[in-house]
Number of protein chains: 2
Amino acid sequence: MQSTRSVPQSDSPVESCWSSAAQLLQHSTVRELLKVTEQADTISFAGGLPAPTSFPTEEIALATERVLAHQAARVLQYGPTEGFPPLRELLTTLMQARGITIDSDHVIVTSGSQQGLDLLGKLLIDPGNPILVENPTYVGALQAWRPYQPRCVTLPLDEDGLQIDGLEQALTNLAREGQRPKFLYIVSAFQNPTGTTLAADRRTALIDLAAQHNLLIIEDDPYGELRYSGNPQTPLVALDIQRWGAPRHVAYLSTFSKLLAPSLRVGWMIGPDALLQRAVQAKQGLDLHTGSLAQAIAYEACCDGLLERHTPSIRQIYHERRDAMLGALESHMPDDVRWTHPEGGMFLWLTLPEGLDSAVLLQQAIVRNVAFVPGTAFFANGGGINTLRLNFSHPTPDRIEEGIRRLAEVVNEGVRG
Amino acid sequence: MQSTRSVPQSDSPVESCWSSAAQLLQHSTVRELLKVTEQADTISFAGGLPAPTSFPTEEIALATERVLAHQAARVLQYGPTEGFPPLRELLTTLMQARGITIDSDHVIVTSGSQQGLDLLGKLLIDPGNPILVENPTYVGALQAWRPYQPRCVTLPLDEDGLQIDGLEQALTNLAREGQRPKFLYIVSAFQNPTGTTLAADRRTALIDLAAQHNLLIIEDDPYGELRYSGNPQTPLVALDIQRWGAPRHVAYLSTFSKLLAPSLRVGWMIGPDALLQRAVQAKQGLDLHTGSLAQAIAYEACCDGLLERHTPSIRQIYHERRDAMLGALESHMPDDVRWTHPEGGMFLWLTLPEGLDSAVLLQQAIVRNVAFVPGTAFFANGGGINTLRLNFSHPTPDRIEEGIRRLAEVVNEGVRG
């Protein structure tokens, strides 16, 4: 029709209607770049994907067969917003194994832990509110919260995780402005992106500080079960419950994505009653409830101890891959490149010599069919130009060795260049 | 611990941290009341549940078996935010059958159409922005949007759906204030809650008005395939595409919830390019992507024409139930009670004599083990005290007859009382 051409694009009803949140959404050039690298011959350290060999496919297939044979009318129907009741019950047992003592009223099911982040942003952040985040931090949290327009106050990390004196300093600075942070966000074990874990003494100190400053902590724990060396750490929420008898200062997020399969999109949130109640009200507006078929599959697959049997095999796969990556870095990288030594999880963090730009490096790496995520995306307020994140859970040990060798060549050229 | 008791509840970190959106969330007394009625002996006209006998359980089980046997590594893994590519492709075919001509770039998968509503609210509404909604309208849309704090401008309905002159009047009134609505929201076929369908001439008029006023329309169409009598209507988005060559003024939402199973939580959104692009960016922050296993099941179940074979049997079940409800109302209700005569969908709408309060009626009905949803929840700005919504898709014809008989008794007592 003629009218198609006569109306300029800028006049479309959509272009004049964006909310301020929509205008803050960022087009991710890295995401676009990485799409190009999703070819079989690219060695990708970029994603955060579990190894496909880690999926308990047969158990998931059997669980699905059982729930559809015996409970179809229930598991195909709409379900409660709080979650599939047998799964909430089972989660109390799974959480007990992490030292977290709760009853099923203290846990709700979310559509991945990503939805937990969105829910908490919606419930807690008004534009301009200060929130405390690690520097660097999980980019998906920043993405979830950007539309709510917080003011991100960044906190320094080292190999033992969040620096407590940095946190105290930030709280003091905010108090001087007459401000209080809405919450502190922390990935407490094998952090995304750095792979570092909060040390035991810092955990105690953090729970003390939370009580002292009446601070809410969002503890994101997707990787805690994936430890390959070192000593297990007690989740912050467990310490919080030990202290107060129920969750008071910590909202805890976790997920089946790294233990069963990401595609189920089944996560959970533990937290103070009032927070969970409002989260359920808000979740109704988001998606009514998390898929009951996926929840029933997770329940049916795990109710007879699958995770206890299966998780060791995931740890074994990733342990080998982590060691392959650390070994390859040791063999190939120039002396002035540093990296973290994670005791678990899926990522490690590389720091290039000052003056190198990892985004430029990525373009050169892609030419040699190697990909990673430049570090800047993980810094809420900029910085980290010479850093990058490497994933070791998805590529095989051989591909890790080869990929790091190629990457070291590119770095060497960058250092010389 | 002593400290538990020494700190008053109001001092909890959560209670002092709510966002303004959280403070707008409403505790639904009706929802709580209806929880009580979820007992087997209650005849519930309250929910919006499909009949369990309408689920193609065997086909879903077979589809799951196939995708896990042949594509486990893909369908258990993280997937693209836009949706499972084969499903997006299939949706173009399914939409063609509704008269909607698109390619797969014009459709994205959402976690139920409820998530489409949340996404559109996030992308379009700033606090105080006017939006146009039917009066009454789908309560889930109001719930999704309340946190974004729109100003709802309500538009009158009759048995032919939205009244176009009412819309024109509202646009004029807003223009006089120097305002433009962010969008018009309409459930175009077998509306929830009234069961009415927008007439053909009003569809054309609406698309004309949208062009004239550069208005964006959100067309929500979960029930369009469920027609039991009367003539099929062309979706607004199809008319929009016919006019402009591509979606320009209409964002269209639909879902597998009423055709396959709600628990998959697989819906979709069709709309202008710019809108879908930002929706994908925003969706990343919400849940990364809709469960790929559920999407793969929907694809695998439907790729060989299941919906064409299966939907007639759903129509048959609901047709009988709708007729049972209309017949029972005719037999039992007093003369001064009015109700709509839907040509499809899952609901009809009852108007009691002025002066009766359907919330009071509900309490009396519950005593006789009958439940429904009082109408007020569906009115954005109040009203409708003497109205109520009845669902006819879930209860069997016998239970419908008995439930309406009991309800009529309660109404009769209310009229006499």
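Residues numbered from 1 in each chain as written. Chains lettered and ligands numbered in written order. Predicted model: local features only at pLDDT ≥ 70, side-chain atom pairs only at ≥ 80, totals over all residues. Heavy atoms only, no water.

**Some details on a negative patch on the surface**
For the record, the criterion: Nonpolar side chains (Val, Leu, Ile, Met, Phe, Trp, Tyr) within 5 Å and like charges within 9 Å form the patches, drawn only from residues with over 30% relative accessible area and no salt bridge. Per-residue accessibility takes into account occlusion by the displayed protein chains alone, with areas from the Shrake-Rupley method and a 1.4 Å probe. Salt bridge, as used here, is a side-chain nitrogen of Lys or Arg placed within 4 Å of a carboxyl oxygen of Asp or Glu. In summary, the charge assignment counts Lys and Arg as positive and Asp and Glu as negative, without counting His or the chain termini. Each charge is placed at NZ for Lys, CZ for Arg, CG for Asp and CD for Glu. For the exposure calls, accessible area comes from a 1.4 Å probe over protein chains only, and a residue counts as buried if that area is under 20% of its type's maximum, exposed if over 50%, partly exposed in between.
On the surface, A:Glu89, A:Asp103, A:Asp105 and A:Asp273 cluster together into a patch of negative charge. Given a relative accessible area of 46%, A:Glu89 falls into the partly exposed group.

**Considering the relation of the copies chain A and chain B**
Note the cut-off: Only residues with pLDDT of at least 70 in both copies count here: their C-alpha atoms drive the least-squares fit that superposes the copies. Any pair of residues with heavy atoms lying within 4.5 Å of one another is described as a contacting pair.
Superposing chain A onto chain B takes a rotation of 180° combined with a translation of 0.0 Å along the rotation axis, leaving an RMSD of 0.0 Å. What we have between these two chains is a two-fold relation. Of the residues that chain A buries at the interface, 100% are likewise interface residues in chain B, meaning the two copies contact each other through the same surface.

**Details of the domain arrangement of chain A**
Put simply, an interface is often sized by how much accessible area is lost when its parts join up. Residue and element names in this part refer to chain A. Applied cut-off: The split of the chain into domains comes from an automatic or database domain assignment. The term buried area means the drop in 1.4 Å probe accessible area that two parts suffer when joined, counted for both and summed. Counted as a polar contact is a pair of N or O atoms within 3.5 Å, where, for protein atoms, one must be capable of donating a hydrogen and the other of accepting one, and residues adjacent in sequence contribute only when both atoms are in side chains. Every helix listed is a DSSP run of H or I at least four residues long, and every strand listed is a run of E at least two residues long, numbered separately from the N terminus.
Each assigned domain of chain A is listed with its residue range as follows: domain 1 (25–54 + 309–416) and domain 2 (57–304). Just the C-alpha atoms count here: the centres of domain 1 and domain 2 sit 26 Å apart. Counting residues at the interface gives 29 residues for domain 1 and 30 residues for domain 2. Both sides together, the interface formed by domain 1 and domain 2 hides about 2,600 Å², and carbon and sulfur atoms give 57% of it. When residues of domain 1 are sorted by the area they lose upon contact with domain 2, Arg 315, Glu 343 and Phe 378 head the list and together hold 23% of the total. Our count for the contact surface shared by domain 1 and domain 2 stands at 3 salt bridges. Note that Glu 343 is salt-bridged to Arg 227, the shortest N-O span being 2.6 Å. Our count for the domain 1 to domain 2 interface comes out at 12 residue pairs in polar contact (both at pLDDT 80 or more). Listed by contribution, the elements that provide at least two residues to the side of domain 1 that touches domain 2 are helix H13 (306–332) and strand S11 (347–351). Top element by residues in the side of domain 1 that touches domain 2 is H13. It accounts for 8 residues.

**Some points on the packing of aromatic side chains**
Let me state the cut-off plainly: Each pair of aromatic rings taken from Phe, Tyr and Trp, with Trp reduced to its six-membered ring, is defined by centres within 6.5 Å and is described as stacked if the planes are under 30 degrees apart, edge-to-face if over 60, and tilted in the remaining cases. Only lysine NZ and arginine CZ atoms are considered, and such an atom sits over a ring when it is within 6 Å of the ring centre and within 35 degrees of the ring normal.
Going through the model one piece at a time under the given rule, you end up with 14 aromatic pairs over all chains. Between B:Trp145 and B:Tyr185, the aromatic rings sit 5.0 Å apart at their centres with planes inclined by 90°, giving edge-to-face as the arrangement. Note that B:Trp145 is positioned in helix H7 (residues 139–145) and B:Tyr185 in strand S6 (residues 184–187), a separation of 40 residues in sequence. Neither residue differs from the other here; B:Trp145 and B:Tyr185 are each classed as buried. By the ring-pair criterion, three or more aromatic residues cluster together here, those being A:Trp145, A:Phe183 and A:Tyr185. Cation over ring: A:Arg248 sits above A:Trp244, and NZ or CZ is 4.7 Å from the ring centre. The ring of B:Trp18 has A:Arg278 sitting right over it, with the charged end atom 4.3 Å from the ring centre.

**Some details on the pairing of S11(A)**
Residue and element names in this part refer to chain A. Definition in use: Paired strands are those between which DSSP finds at least two bridges.
For S11, the tally of buried residues reaches 5 of 5 residues, placing the bulk of the element in the interior. Covered by surrounding structure in S11 are Phe 347, Trp 349 and Thr 351 together with Leu 348 and Leu 350, the residues of both alternating faces. Pairing of strand S10 (residues 338–339) with S11 involves 2 bridges; the strand directions are antiparallel. Bridging across to S11, Trp 339 finds its partner in Leu 350. Pairing of S11 with strand S14 (residues 387–391) involves 5 bridges; the strand directions are antiparallel. Its bridge partner being in S14, Leu 348 is matched across the sheet by Leu 390.

**What to know about the packing of helix H6 (residues 112–124) of chain A against helix H11 (residues 273–287) of chain A**
All names here are of chain A. Stated formally: Angular values range over 0 to 180 degrees, each being the angle between N-to-C directions of two axes fitted as lines to C-alpha atoms, with helices fitted over their stretch in contact. Roughly parallel means an angle under 35 degrees; roughly antiparallel, over 145; roughly perpendicular, 65 to 115; everything else is oblique. Each residue gets one of three labels, nonpolar for Ala, Val, Leu, Ile, Met, Phe, Trp, Tyr, Cys and Pro, charged for Asp, Glu, Lys and Arg, and polar for the others, Gly among them.
Taken N-terminus to C-terminus, the directions of H6 and H11 make an angle of 110°; their axes are 10 Å apart at the nearest point. In terms of axis orientation, H6 runs roughly perpendicular to H11. Two secondary-structure elements touch here, H6 through Gln 115, Asp 118, Leu 119, Leu 120, Lys 122, Leu 123 and Leu 124 and H11 through Leu 275, Arg 278, Ala 279, Ala 282, Lys 283, Leu 286 and Asp 287. Here the contact of H6 with H11 is built from residues that sort into 8 nonpolar, 1 polar and 5 charged.

**Side note on the pattern of salt bridges**
All names here are of chain A. Within this structure, the stated rule accounts for 32 salt bridges over all chains. Among the salt bridges present, the one from Arg 202 reaches Asp 158, with a minimum N-O distance of 2.8 Å. Here Arg 202, found in helix H9 (residues 200–213), pairs with Asp 158, found in strand S4 (residues 151–158); they are 44 residues apart in sequence, far enough to count as distant. When its relative accessible area of 28% is taken as the criterion, Asp 158 is described as partly exposed. Taking the shortest distance from any N to any O, the salt bridge between Asp 304 and Arg 309 comes out at 3.7 Å. Looking at Asp 304, the relative accessible area reads 49%, which means it is partly exposed. Among the charged side chains, a salt-bridge network with shared partners connects Arg 368, Glu 402, Arg 405, Arg 406, Glu 409 and Glu 413.

**Quick look at the pairing of S6(B)**
All names here are of chain B. Which entries qualify depends on this criterion: A clockwise course of the path from the first strand over the helix to the second, judged with the strands pointing away from the viewer, identifies a crossover as right-handed.
By the alternation rule, side chains of S6 split into Leu 184 and Ile 186 and Tyr 185 and Val 187, which are all buried. Strand direction decides the pairing type here: strand S3 (residues 130–135) and S6, joined by 2 bridges, are parallel. Residue pairing in the sheet places Val 133 in a bridge with Tyr 185 of S6. Bridge analysis of S6 against strand S7 (residues 217–220) gives 4 bridges, and the strand direction is parallel. By the bridge assignment for S7, Ile 186 is matched with Glu 219. Note on the crossover from S6 through helix H9 (residues 200–213) to S7: the handedness is right-handed.

**Side note on the confidence of the model for chain A**
Regions with low pLDDT carry predicted coordinates that are not meant to be interpreted in detail. All names here are of chain A. For clarity, the cut-off: Confidence scores per residue from the predictor, reported as pLDDT, run from 0 to 100.
Per-residue pLDDT for chain A has a mean of 94; in total, 94% of the residues score no lower than 70. Per-residue pLDDT stays below 50 along residues 1–10; that stretch engages in 11 contacts with residues further than four places along the chain or on separate chains. Prediction confidence for the complex, expressed as pTM and ipTM, is 0.95 and 0.94 respectively.

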